[in-house]
Amino acid sequence: MVGPLGLGGCTHTPNTYTMKPQKVERIRSNLGTVGVTVSDYKAEAEISLPGRGVLGGAGRGFVMGATIPVMVGAVSPIPGGTVIGILFVPIGAVVGTFYGAAKAAPAEEVDKAKEMANRTVEKLRAMDLRLTLQNEVIQQGSERTGFNIVPLSGVGPQDAKEVVQYDQLQIPGIDTVLELRMERGGLWGFYTVKPPSSAFVEIRAQLIRVSDNEVLLDDVVFCASEERSYKKWSEDEGQLFLESIISCIPSLAEKVVDDFFLVYPLAAQK
Amino acid sequence: MPYIKLRLPTYYARRVLPERLRGRIDWQLLLCLLCLALTAGCGGIPMAGLHPEYPPAEKGIFALWTDYVKVDSLQPMLRWQPFPRPKDVKADKSGNLNRIQEISYEVRVWKTITGSSGELVYARSGLTFAHHQLEEPLEPATKYLWSVRARFVLDGYPRVTEWGLAGYLLQGEVVPNPSCYRFKTAKNQ
C-alpha cells in the first residue's frame, strides 16, 4: 500500500510510457496531418524569492523550524519518530524564527531582485516564446518523426479554462491538433529563509482528434534549470534567468515530440 | 543510524511539486510526501528505460537519487542493457518487437553545474552495441550525468525508448534531470 502512495503515486509518468504499445501505435497509425497550435494567453509567472527582511526571514524560519522536526521524525527509523518530531515543533519554531531573522536577506536586496525578475518576465513575454515553442515542435517533429506536422495559427485556447471545440472550426486538411499550453514559468525555490531557485517552464500538451474533439494523448512537461541564489539570478539585468528560460524551449519541444510521436513503451519498470 | 538525506523534502518541493501542485496543498499531497520519505529506503532502485550496467546505479538507503559512482578512466566505457530486453519480448503480445529494425543507441553525457543540472558535453547516436567508450576525455574530479536510449524503426517509422533514469523517476521532466544516471571521474588518472 505504501509503495503506490509513495514513489509510484507521487511520480508523474507521461501517459505514453505506461500505455500498452498497441494502443499508442494505434493512435499514431491513425494520425494524418497534425496541426500544432499554441495557447493565446500568457503563461502564469511565479517568482520565488527569499523572505523579505527580518520579519520575512523570521516568518520563514518559523515555518522551517516547525516543519523540520516532523520531517526528520518521519524519515527516521525510530519507532514513533513522527510523534517525537511533533514534540520538538515548538522548540524548532522558536529556533527557526531567530535563525530566520538573523540570516534574512535585506529587504532592499529582495525588492531589487523582485523588480529585476519582473522586468525579465516582461522581456520574456515580449519575446513571445509560445511561438518559438510552436516552431521548435514543428521543426523537430517534421525532421524526426515522419509525420506531417504543420502550424495551425489563431485557433489556440484564449484562456486557461477554455476548451476549444476543434470540430466546430474550419481547419481543412488537419485531422489532429497538437495543442500546446505554456502554463507556468519563473523561478521556483523551496520556502526557506534564502533558498536557491531554478528557472522553470511548465507546458501542457494535448493531442486532440478534430472529428470528435477526443483527447488522444495528454501530458504535462516540465523543464528546470540549475539552482542559483536570488542574487545570481538578478545579476546582469537577469540575463541568466532569461537565458535559462529560453534554453528550456528546445528541450521541451524535444520531449513533446519524443513522448507523443516516438516513445515506444517498455515493459514494466523495476 | 542510516544516512538520512535531508535534501529529500527540498528536492521534492523544487522538482516534483511544480509538476503536481497547482496552487494548493492538500492532505493527499502531504501523505504522498510522507510515503515518499518512508519508501525512499525500501526495495531496489526504481529504474526506467534501459538500465545501466557500468557505471552501475547505486543508491543510499534514504537517498532519492543515485550516487555519483567513481569511474577509473576519463574515457569510461559505458554499458547498458541491450534492447529489446527479455522482459520486453515476453510482454510483447502484439508481436511489434518482431518487426523492429535498425536498432541503435543514443548516449548523452552532461557535466553537472550546480545541484543536479548539467551542460551537455558529449552526445553520440547510431551506436550499434550496448556499450560505448567515450571518444573524448572528460575532466578529472568532475561529476557527470548520463543517459541512454534505444532508437529503432517499427513498420518504417522511427521510434525510441524513453531515456534511462534511476532513483526518484522524473519522467515528466526534460533531460538532464536529477534522475539521470551518475558517475564521477577520479582526481588523478
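A quick note: this is a predicted structure, and the numbers were derived from the prediction, not measured. (Residues numbered from 1 in each chain as written. Chains lettered and ligands numbered in written order. Predicted model: local features only at pLDDT ≥ 70, side-chain atom pairs only at ≥ 80, totals over all residues.)

Scanning chain A from N- to C-terminus turns up 10 helices and six strands. With the C-alpha coordinates aligned to their principal axes, the bounding extent of chain A is approximately 65 × 50 × 30 Å. By the burial criterion, 46% of the 270 residues in chain A qualify as buried. Once local pairs closer than 6 in sequence are excluded, the contacts in chain A between residues at least 24 apart make up 77%. (Helix = DSSP H or I, 4+ residues; strand = E, 2+ residues; numbered from the N terminus. Buried ≥ 20, exposed ≤ 12 C-beta atoms within 10 Å, placed from the backbone. Contact = placed C-beta atoms within 7 Å.)

All names here are of chain A. For helix 6 (residues 89–103), spanning 15 residues, the distance from its first C-alpha to its last is 20 Å, which sits close to the expected 21 Å at 1.5 Å a residue. Along helix 6, the residues that are buried comprise Gly92, Gly96, Thr97, Gly100 and Ala101. Relative to the axis of helix 6, the buried residues are bounded by an arc of 155° and lie together on one face. Residues Ile91 and Ala102 are exposed on helix 6 and point more than 90 degrees away from its buried face. In this structure, the buried side of helix 6 is in contact with helix 4 (53–75). (Expected span 1.5 Å × (residues − 1). Arc of directions from axis to C-beta.)

Moving on, we come to the sheet that holds strand 7 (residues 131–133) of chain B. Residue and element names in this part refer to chain B. The three strands are arranged 2-4-7 in an open sheet whose pairing can be described as antiparallel. The open sheet has two free edges, formed respectively by strand 2 (52–54) and strand 7, since each of these has just one partner strand. Direction aside, neighbouring strands of the sheet carry axes that sit 25° apart on average. Summarising the sheet, strand 2 and strand 4 (residues 77–80) pair through two bridges and their orientation is antiparallel. Opposite Tyr54, over in strand 4, you have Arg79 as the bridge partner. (Pairing = 2+ DSSP bridges. Axes fitted to C-alpha atoms, helices over the stretch in contact; angles between N-to-C directions.)

Now for the environment of B:Pro137. Residues and elements named next belong to chain B. Residue position: Pro137 is located in the loop between strand 7 and strand 8 (143–154). For the pair Pro137 and Tyr122, spaced 15 residues apart in the sequence, the C-alpha separation amounts to 9.9 Å. The contacts of Pro137, once residues within four sequence positions are left out, are Leu74 and Gln75.

Core analysis: the largest hydrophobic core is formed by 100 residues, its most contacted members being A:Leu133, A:Val137, A:Leu178, A:Leu180 and A:Leu252. For this core, the element with the most residues is helix 10 (residues 239–262) of chain A, which contributes 11 residues. Shared between two domains, this core takes at least three residues from each, and those domains are domain 1 (14–50 + 106–262) and domain 2 (53–104) of chain A. For A:Leu252, the residues in contact, after removing those within four places along its chain, are A:Leu133, A:Val201, A:Ile203, A:Val221, A:Cys223 and B:Val174. (Core = buried A, V, L, I, M, F, W, Y, C linked by C-beta atoms within 7 Å. Domains from an automatic or database assignment.)

Let us look at the domain arrangement of chain A. All names here are of chain A. As assigned here, chain A comprises domain 1 (14–50 + 106–262) and domain 2 (53–104). Placing the centre of domain 1 and that of domain 2 at their C-alpha centroids yields a distance of 36 Å. Residues that form the side of domain 1 that touches domain 2 fall into these classes: four nonpolar, one polar and one charged. (Nonpolar A, V, L, I, M, F, W, Y, C, P; charged D, E, K, R; others polar.)

With that out of the way, let us pick up unusual backbone geometry. Residues and elements named next belong to chain B. Of the consecutive residues Tyr54 and Pro55, the connecting peptide bond is found in the cis state with omega at -10°. One non-glycine residue, Glu102, lies in positive phi territory at about 50°. For Glu102, the location among the structural elements is in strand 5 (residues 100–112).

For any two helices packed against each other, one specifies the inter-axial angle together with the distance between the axes. Residue and element names in this part refer to chain A. Remark: helix 4 packs on helix 6, axes separated minimally by 6 Å, with the N-to-C direction vectors making an angle of 145°. For helix 4 against helix 6, the interelement crossing comes out right-handed. Split by residue class, the contact of helix 4 with helix 6 holds 14 nonpolar, eight polar and two charged. (Left-handed = near helix turned anticlockwise from the far one by under 90°.)

Turning next to the pairing of strand 9 (residues 157–160) of chain B. Residues and elements named next belong to chain B. The pairing of strand 8 with strand 9 spans four bridges and is classified as antiparallel. Residue Val153 lies in a different strand from strand 9, and its bridge partner there is Pro158. Taken together, strand 8 and the strand that follows it, strand 9, pair antiparallel across an intervening segment of two residues, in which Asp155 is found at a positive phi of about 50°.

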